[in-house]
Amino acid sequence: SLTQEWPGIIRGECIGRSVRRHPIWSFHIENPTRPTVYTVLVFAQLHALEWLGTEVVVKLAEQLTASAPEGVKVVLVPIVNPDGRDRVERDLLNDRVGIYRRANANGLDLNRDWSVNRDITSIWAKLPFTKRYYYTSHEPLSQPESQALDRLAADIQPDAVVSLHAFGGYVYYPWGGRSDPTEDQREHQRLAEVMIRSQSNGGYITVQLGKWANWFKAHGVEIDHFYGKYGAKSFIIELSHSGINLFDWDTVRDFFRWYNPIDPAPHVDNGYNAVRGLIYDYAYQVRKAGIRTVP
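I will try to describe carefully the structure that is included in this document. Along each chain, residues carry numbers from 1 onward, in the same order as the chain's sequence is written. Local features in this predicted model are restricted to residues of pLDDT 70 or higher, and side-chain atom pairs are both shown and tallied only at a pLDDT of 80 or more, whereas totals for entire chains, interfaces and linings draw on every residue. As a rule here, side-chain values come from all non-hydrogen atoms in the structure, and water together with hydrogens is ignored.

Numbering of helices and strands runs from the N terminus; a helix is a DSSP stretch of H or I covering at least four residues, while a strand is a stretch of E covering at least two. What a helix is expected to span follows from its residue count: subtract one and scale by 1.5 Å. Its 13 residues place the ends of helix α4 (residues 144-156) 18 Å apart at the C-alpha level, agreeing with the 18 Å of an ideal helix rising 1.5 Å per residue. Only protein chains enter the accessibility calculation, which uses a 1.4 Å probe. A residue is then buried if its area is under 20% of the maximum for its type, exposed if over 50%, and partly exposed in between. Of all the residues in α4, the buried ones are Glu145, Ser146, Ala148, Leu149, Asp150, Leu152, Ala153 and Ile156.

Encoded structure:
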């Protein structure tokens, strides 16, 4: 409906199909009054149970079409893993509680299917209580969903990438598979702080993903891929601090509620405001540079 209401501002494009042949859609938003200087890619729902990010992307689409930022093209992918979402939806409709769903239809975790920092060398990977955190897919970009996102990035060459997850209340930046800093560490930190300050009721924390804990590394994650391969400033936002209420057993036994609080609105607002803050930081840089409008 937005593409029909705002022609010339937003257009949809099918960038690929999932394992079960569901279409994966992207939506490209740009203000025609200025040339594009920066491109920001935002996508959600690599993981089947994590629905908050899709709601953030929908709100971004609704708000940005009505007031498209000048000089910044925004590309939105609401659902990267439609097969996983479909499975969760069927669980919910049939009152199947307590089923944990993370992967795509092939049983692969799309959060570990990328091409950069895949080698697992840490001693922590050999210990019984930590080794379950150390894994990657059998080869990089092995899944059609990952391949679709990578083709999109190759086409648009994003300056920044935001991957929306849940839960935790963190804004992560690369590297995830290493503890040493990137060459753009300060800019990653600055942009992460911009996003946190833009939140209305967040209390989020920013940290390099590979330093989240001494024993933890995330190998083959998307932020390492998009930064290492394309040079894009890359972030994972873990939306909310979970929907678990220890005084409500229904929320403890329901994995869907772990990742999706009963009232999603304030958490969607937090995510929306954070990503909007990043986008308009780039728009401010365009204005500061004095790039003229298209006649």
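From this point on, the discussion continues.
The gaps of empty space that remain are located by a probe, the size of a water molecule, rolled over the atoms. Two kinds of site are reported from a 1 Å grid over the protein atoms alone, namely cavities, where a 1.4 Å probe fits but cannot get out, and pockets, open sets with protein on both sides within 12 Å along at least five of seven lines, and residues are called lining when an atom falls within 4 Å of a point. Grid points are joined across faces, edges and corners, and a volume is the space filled by probe spheres set on the points. Across all of its chains, the model carries 1 cavity of 30 Å³ or more by this definition. Each pocket or cavity is described by its volume, and for the largest cavity that value is around 70 Å³. Elements represented by at least two residues in the lining of the largest cavity include exactly α3 (82-93) and α8 (255-259). The greatest single-element share of the lining of the largest cavity, amounting to 3 residues, is contributed by α3.

The next point concerns the environment of His267. Relative to the helices and strands, His267 is located in helix α9 (residues 265-289). As a C-alpha pair, His267 and Ala289 span 22 residues in sequence and 34 Å in three-dimensional space. In what follows, residue pairs with any heavy atoms lying within 4.5 Å of each other are defined as contacts. Apart from the residues lying within four places of it in its own chain, the contact partners of His267 are Leu52, Leu239, Ser240 and Pro261.

It is worth spelling out the packing of α4 against helix α6 (residues 222-230) at this point. With their axes 12 Å apart at the nearest point, α4 and α6 run at an angle of 35 degrees to one another. Handedness of the crossing formed by α4 with α6: right-handed. On α6, the residues that touch Leu149, Asp150, Ala153 and Ala154 of α4 are His225, Phe226, Lys229 and Tyr230. Ten residues, namely Ala, Val, Leu, Ile, Met, Phe, Trp, Tyr, Cys and Pro, are considered nonpolar, four, namely Asp, Glu, Lys and Arg, are considered charged, and the remaining ones, Gly among them, are considered polar. Grouping the amino acids of the contact of α4 with α6 by side-chain chemistry returns 5 nonpolar, 1 polar and 2 charged. Axes here mean lines fitted to C-alpha atoms, for a helix over just the part in contact, with angles spanning 0 to 180 degrees between N-to-C directions. For any helix crossing, the convention is left-handed if the near helix is rotated counterclockwise from the far helix by under a right angle, and right-handed if that rotation is clockwise.

Turning next to the layout of surface pockets. Taken as a whole, the largest pocket encloses approximately 710 Å³ of empty space. Arg102, Arg112, Tyr133, Phe216 and Glu238 are, among the 24 residues lining the largest pocket, the residues nearest its centre. Across the lining of the largest pocket, the residue classes break down as 15 nonpolar, 4 polar and 5 charged. Its boundaries defined by the atoms lining it, the second largest pocket holds a volume of some 160 Å³. Around the second largest pocket, the lining residues are His22, Pro23, Ile24, Trp25, Phe27, Thr54, Val58, Pro78, Ile79, Pro82, Arg85 and Asp86. Where the lining of the second largest pocket is concerned, the elements lending two or more residues are β2 (23-29), α2 (52-66) and α3. Of all the elements, β2 adds the most residues to the lining of the second largest pocket, at 4 residues. Among the residues forming the lining of the second largest pocket, the class breakdown is 8 nonpolar, 2 polar and 2 charged.

So, about the packing of aromatic side chains. For any pair of aromatic rings, the description consists of the separation of the ring centres together with the inter-plane angle of the planes. Aromatic pairs are defined between Phe, Tyr and Trp rings, using the six-membered ring for Trp, whenever the two ring centres lie within 6.5 Å; interplanar angles under 30 degrees are classed as stacked, those over 60 as edge-to-face, and all others as tilted. Scanning the entire structure with this criterion turns up 17 aromatic pairs. A centroid spacing of 6.2 Å and a plane angle of 75 degrees characterise the contact between Tyr133 and Phe216, whose relative ring orientation is edge-to-face. Here Tyr133 is found in the loop between α3 and α4, whereas its partner Phe216 is found in the loop between β7 (205-208) and α6, with 83 residues between them in sequence. Feature note: the residues Tyr100, Phe167, Phe255, Trp258 and Tyr259 constitute an aromatic cluster, connected by ring pairs. Across from the ring centre of Trp51, 3.7 Å away, lies the NZ or CZ of Arg85, which sits over that ring. Only lysine NZ and arginine CZ atoms are considered, and such an atom sits over a ring when it is within 6 Å of the ring centre and within 35 degrees of the ring normal.

The buried fraction of strand β8 (residues 233-239) is high, at 7 of 7 residues. Neither face of β8 is open: one carries Lys233, Phe235, Ile237 and Leu239, the other Ser234, Ile236 and Glu238, and all of them are buried. Examined bridge by bridge, strand β5 (residues 160-166) and β8 share 7 bridges and lie parallel to one another. Bridged to Val162 within β8 is Phe235. One ladder, built from 3 bridges, connects strand β6 (residues 170-173) with β8; its direction is antiparallel. Looking across to β8, one finds that Tyr170 is bridged to Glu238. Here, a strand pair is defined by DSSP locating no fewer than two bridges between the strands.

Turning our eyes to something else, we now look at unusual backbone geometry. Backbone geometry follows two general trends: most residues other than glycine have a negative phi, and most peptide bonds adopt the trans configuration. For the bond running from Ala166 to Phe167, omega is 5 degrees, close enough to zero to count as cis. Positionally, Phe167 belongs in the loop between β5 and β6. Cis rather than trans, the peptide bond between Pro174 and Trp175 has omega equal to -5 degrees. Even without being a glycine, Gln157 presents a positive backbone phi close to 50 degrees. With respect to the helices and strands, the residue Gln157 is situated in the loop between α4 and β5. Judged by its relative accessible area of 43%, Gln157 is partly exposed. In this structure, Ser240 takes a positive phi of about 70 degrees despite not being glycine. Within the fold, Ser240 resides in the loop between β8 and α7 (249-253).

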